[in-house]
Each structure stands twice: as C-alpha cells, then as structure tokens.
Amino acid sequence: MTREQAAAECTRLSREDPERERFEFMPREAEGEWSVVKVPLPEGIRRTRHTGTAIEPPPESPAGPDSDERARNYWPAGGA
C-alpha cells in the first residue's frame, strides 16, 4: 500500500466505519510499508457527524454605552 492509498483508506474509514465516532484512522509507515491504524479517541472526546445544516449566528448585541469606538478599543494595561 502506498502513502496515498493509506490516506484514502483513512478517509473512507472515517466516513464509513461503524465505530468512526470513537476512533481516529491514521496512515502509518513501518519498514517501508504503509498501513492504516485505528487509534481510540480519549474518553470524553467523540466525533460528531456533520448534518449539513447551518445555524444562525448569534444576534448582534444592542448598542449601549460601550458601543463607541474608544470603549471597544480600551484595554487597561498596568495601571488603575
């Protein structure tokens, strides 16, 4: 298997493997041969499937006393 074939197989497995949400598929070279390794993701880290739906961005904050340019750019550094 070539590196390109291993990378293509990783992509396919990332889409089709039943356990793809719990594992990462990576190409690996050992002694001049390329293969695919299935690496478990740490507990608490799981992949989510992209549904293809978009969400709306959060609404703009209302204009208030901090809405002018000086207040937004103010960064109190070093003094009180």
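Residues numbered from 1 in each chain as written. Predicted model: local features only at pLDDT ≥ 70, side-chain atom pairs only at ≥ 80, totals over all residues. Heavy atoms only, no water.

Non-glycine residue Glu31 carries a positive phi angle of around 55 degrees. Structurally, Glu31 can be placed in the loop between strand E1 (23-30) and strand E2 (33-40). Overall, the relative accessible area of 83% leaves Glu31 in the exposed class. (Helix = DSSP H or I, 4+ residues; strand = E, 2+ residues; numbered from the N terminus. Buried < 20%, exposed > 50% of the residue type's maximum accessible area, 1.4 Å probe, protein only.)

Now for helix H1 (residues 3-16). Helix length check: H1 (14 residues) gives 20 Å between terminal C-alpha atoms against 20 Å at 1.5 Å per residue, within 8%. Its buried side turned inward, H1 meets E1 and E2. (Expected span 1.5 Å × (residues − 1). Contact = heavy atoms within 4.5 Å.)

Per the counting criterion, the structure on display carries zero aromatic pairs. When the ring centre of Phe23 is taken as origin, the NZ or CZ atom of Lys38, which lies over that ring, is 4.7 Å away. (Phe/Tyr/Trp six-rings, centres within 6.5 Å; stacked < 30°, edge-to-face > 60°. Lys NZ or Arg CZ within 6 Å of the ring centre and 35° of its normal.)

Attention now moves to the pairing of E2. Note: E1 against E2, eight bridges, orientation antiparallel. Bridged to Ala30 within E2 is Glu33. Between E1 and E2, which pair antiparallel in sequence order, lie two residues; one of them, Glu31, sits at a positive phi of approximately 55 degrees. (Pairing = 2+ DSSP bridges.)

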